[in-house]
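# Structure at a glance
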Amino acid sequence: MSLRTTAPTVCVALAAVLAGCAGDADTGAGEGSPTDGDQVIDQKPSSLAAPGCTVRLTPASLVASVAQTENPAANVADGNLATRWSGRGKGAYVTADLGATQSICGISLGWYNGGVDGRIYDYALSTSTDGRIFSPLVSGKSLPSTSLQPIEFQSVDARYVRLTVNGNTVNDYASVTELQITGSAAPASPFVHPGILVSKEQLDFVKAKIRNGEQPWSKEYQLARGSKPADRSYVAAPVPVVKCSTPGSKQKAIDLGYEQAGCDSIVNDANAAYTQALLWYYSGDAQYAENARGILDAWARTLTAISFDQPRFPDNNSQVYANGHFAAGWAGTNFLRAAEILRYTYSGWTAADTALQENHFRTVYWDLVKDGWTGGQNRTSVMNETALDIAIFTNDLEKYEYVVSQVEHSSKAMIYMPSDGGQPLSPIYQGRPRYTSGTELASIWSNPTRYIAGLEQETCRDLGHTQMGMSSLANMAETLRIQGDPRSAYGDDPEHDENRLRESLELNADYVLQYLDNTRNRVGVEVSPADWMPARGWPCSSFSKNAGGHSAVMGWEIGYNEFRNRRGISMPKTEALIARVRAMSSASTRFGNHIGWETLTHAGAP
């Protein structure tokens, strides 16, 4: 605490004393004695406070513009009406820093010698979220009493509360015995926060590694800082309604007059929000936080819907905007990660921001993603992930249980193990199994030549989509681990002594390694010859020429960190692949769609 002090006024002439100098100072024996109203207090909420205004907010610090050495600013929050802060001069003020933005619903003031000698104070209260710009809250005159006096005002979100005293009817001193601030009672959250993909412990772990210049974190941090989503002048491009057809039906939709809107901007802006939220925490640069907050705010205030089920093509009754699920999943999970970090680490985030975002995710995203999907595991898993994140961000235990019950099964139905029998488990949609026959299952698994341990539902489609789905499984498992919930893909099957996610990471990492061998570590390029396929254990009749793009090399770090670093289980294929990816210098191998910066956030993370 840094206080500027002023020495007590000293009268040097008898004439001055006779003229009443002692009354003009706030240090006389009479004024220094407690009055009948002075007491150690545990003040109950004022009757003027809103219902539920019961949480005593203790300042993290108190700073005065001027203070007597014997009457420092700290005295206004010590719960004792027999002590005071005193400082001479009209306009003297004391500022309480609450440490984070709070919903303030009650303030009570105690005044030294209030009314004892006819003393009435002139005061003003103001608040701020950043400590720089203060907004007037209320001004008035004290009552002739030394007891706590509740102040009437409308609830406000603020981190800083400033009491300015413009003298009193006896002298120019500010003499305040107590500044008591209360906030609205909030039910204890059933969740850990921040707790969507990254925890406070993990954020601090990486921040320390970057500060010490350690690798790979320092390199990854620089890659993130230099990436397009990290542009300090980034401007969001929200649309009122997102309308996205699949790549295969996009031209058909356009030819029939169906516009495409927001398909790239929602995903790009979500990546930018998450990237800049991470950079805010690692660097402490509030500009990143404000940028991320601005992106979130722009979308929440503009977007009203993401089209999916309607309209439909007249010839086959299929959805015109069938990629609405993807847009909601890819963007939603990154928006939620960003909002979670800012909400629990950035003092500029307000209760109004929380209310805006919670309403946005509930009304625009929840119904689209809450039930997952069954036709493609990468779609199912990212929808599950976004729904899980919504439940945690909104502190909704009912939604959380609804999603986790789906994840428990979907994480098994997406990866085959011999314990399943001769075919994979059928996916479940809204409580009912779908694709129950061998033929139907083979179709959604892209017709493998055989089912082998660790085969993922889209391995035979391409490795990019495979990893898009598997990364969401790992993301959800990491989030559930942070929440202390074992019901995830991290969990082993004790009956069969197996772990599907670990098995699938190793199997598919080997396929990606063979692809990179063929392309000489170039990502997203086509194999040569055109009919090339992995030689080791490939269970499919063909191979996607470019392995499905850059997503094939993303999203390996989180699962690897769990199994290899935390549990000490050997994962040689995944380890070899991660070493190659870390050696790549392009940010395009670090983020895309809903996958982003996992070496930075989770390499060696506790």
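Conventions adopted
Residues numbered from 1 in each chain as written. Predicted model: local features only at pLDDT ≥ 70, side-chain atom pairs only at ≥ 80, totals over all residues. Heavy atoms only, no water. Salt bridge = Lys/Arg side-chain N within 4 Å of Asp/Glu carboxyl O. Helix = DSSP H or I, 4+ residues; strand = E, 2+ residues; numbered from the N terminus. Buried < 20%, exposed > 50% of the residue type's maximum accessible area, 1.4 Å probe, protein only. Core = buried A, V, L, I, M, F, W, Y, C linked by side-chain atoms within 4.5 Å. Contact = heavy atoms within 4.5 Å. pLDDT = per-residue confidence, 0-100. Phe/Tyr/Trp six-rings, centres within 6.5 Å; stacked < 30°, edge-to-face > 60°. Lys NZ or Arg CZ within 6 Å of the ring centre and 35° of its normal. Pairing = 2+ DSSP bridges.

## As for the pattern of salt bridges
Summed over all chains, the structure comprises 35 salt bridges. Notably, a salt bridge pairs Asp 285 with Arg 232, separated by 2.5 Å at the nearest N-O pair. A residue pair is termed long-range when its members are at least 10 positions apart, and Asp 285 in the loop between α7 (263–283) and α8 (286–302) and Arg 232 in the loop between α5 (217–225) and β10 (241–242) qualify at 53 residues. Arg 232 gets classed as partly exposed once you look at its relative accessible area, which sits at 40%. In this structure, Arg 461 and Glu 458 form a salt bridge, with 2.8 Å as the shortest nitrogen-oxygen distance. Several salt bridges share partner residues, and in doing so they unite Glu 478, Arg 481, Asp 492, Arg 502, Glu 562, Arg 566 and Arg 567 into one network.

## Some words on the nonpolar core
By size, the foremost hydrophobic cluster in this structure holds 120 residues, and its most contacted members are Val 242, Ile 266, Tyr 282, Ile 306, Phe 335, Leu 342 and Tyr 365. With 12 residues, the top contributor of residues to this core is α7. When neighbours within four sequence positions are excluded, Ile 266 is seen to be in contact with Val 242, Trp 299, Leu 303, Ile 306, Ala 327, Ala 331, Phe 335 and Tyr 365.

## Observations concerning the confidence of the model for the protein chain
Across the protein chain, pLDDT averages 90, with 91% of residues at or above 70. Within the model, pLDDT remains below 50 along residues 1–24, and this stretch shows 36 contacts once partners closer than five positions in the same chain are excluded. This model gives residues 28–47 a pLDDT under 50, and the stretch forms 40 contacts once residues within four places in sequence are excluded.

## Concerning unusual backbone geometry
Here His 193 and Pro 194 are connected by a cis peptide whose omega angle stands at -15 degrees. Note that the residue after Ser 528, namely Pro 529, is joined by a cis bond; omega there is 0 degrees. One can find Pro 529 in the loop between α15 (500–519) and α16 (557–566). A positive phi angle is found at Asn 113, which is not glycine, with a value near 55 degrees. Its identity is not glycine, yet Gln 430 carries a phi of approximately 50 degrees, on the positive side.

## Looking at the packing of aromatic side chains
Tallying each qualifying case throughout the model produces 20 aromatic pairs. Both rings, one in Trp 299 and one in Phe 335, keep their centres 6.2 Å apart while their planes meet at 45 degrees; by these two values the pair is tilted. Note that Trp 299 is positioned in helix α8 and Phe 335 in helix α9 (residues 324–345), a separation of 36 residues in sequence. In terms of burial, Trp 299 and Phe 335 fall into one category: buried. The ring of Tyr 288 is capped by Arg 232, whose NZ or CZ atom sits 5.1 Å from the centre of that ring. One cation-aromatic arrangement involves Arg 343 over Phe 393; the distance from NZ or CZ to the ring centre is 4.9 Å.

## Side note on the pairing of strand β2 (residues 61–64)
Burial along β2 is one-sided: the face carrying Leu 62 and Ala 64 is buried and the face carrying Ser 61 and Val 63 is not. Alignment of β2 against strand β4 (residues 92–111), held across 4 bridges, turns out to be antiparallel. In the sheet register, Ala 64 faces β4, and the bridge partner there is Val 94.

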